[in-house]
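Single-letter residue listing:
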Amino acid sequence: MASNLTLTILKPDCVRKGITGEVTKRIQEAGFKIKAMKMTRLTKQTAGGFYEVHRERPFFGELTDFMSSGPCVPMLLEKENAVADFRKLIGATDPAEAEEGTIRKAFADSKGENIVHGSDSDENALIEASYFFSQAEIVANEV
Ligand code: CMP
């Protein structure tokens, strides 16, 4: 059964461009409820832990340098069919391939600096959520 949760990170380029409000508005207008949210700064090591599955990829160093280059805003989001719908909202990893109307098409500069992360499965959404949020930081009820 789908968990209806997905984990996003508004990445350091999103914070640097001053568009966290605009991106959050798009996310909420698309029907996602924010269950948890914070501003934090990853270290190269904690970014490496989050992106563990990509450790052997050639871009791993670039990815962890970028993700630790400034503050970011992780959020736990809820919506029916959250993982797939959020990936549709943000568009392809490479903004050059992202569809018109998607967040990455509108704001992202490159495959590496692509404004937002979105979980790729229900299972990973829960693993990623636990990386940033304790149970006490996740709102239990409708707000
Ligand atoms: P994200 O959805 O956060 O998950 C893994 C990230 O790795 C991805 O977004 C991209 O930002 C990054 N990534 C994927 N491919 C490349 C690449 N070829 N060069 C740099 N970064 C990449």
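Check the entry above for the structure.
Residues numbered from 1 in each chain as written. Predicted model: local features only at pLDDT ≥ 70, side-chain atom pairs only at ≥ 80, totals over all residues. Heavy atoms only, no water.

Caption draft 1: Broad picture of the side chain of Thr6. By secondary structure assignment, the location of Thr6 is in strand S1 (residues 5-10). Among all residues touching Thr6, those that are not within four sequence positions of it are Phe32, Met75, Leu76, Leu77, Ala82, Val83, Phe86, Ser119 and Ala125. (Helix = DSSP H or I, 4+ residues; strand = E, 2+ residues; numbered from the N terminus. Contact = heavy atoms within 4.5 Å.)

Caption draft 2: Region of interest: the site of the ligand. The environment of the ligand is made up of Lys11, Tyr51, His54, Phe59, Glu62, Leu63, Thr93, Arg104, Lys111, Gly112, Asn114 and His117. Residue Gly112 places a main-chain N or O atom 3.4 Å away from an oxygen atom belonging to the ligand. The contact in question runs from an oxygen atom of the ligand to an N or O atom on the side chain of Asn114, over 3.3 Å. For the ligand, the protein covers 82% of the area, taking 460 Å² as the surface of the free molecule. Residue classes in the shell around the ligand are distributed as 3 nonpolar, 5 polar and 4 charged. (Near = heavy atom within 4 Å. Polar contact = N/O pair within 3.5 Å; in protein donor to acceptor, adjacent residues only side chain to side chain. Areas by Shrake-Rupley, 256 points an atom, 1.4 Å probe, with all protein chains shown as cover. Nonpolar A, V, L, I, M, F, W, Y, C, P; charged D, E, K, R; others polar.)

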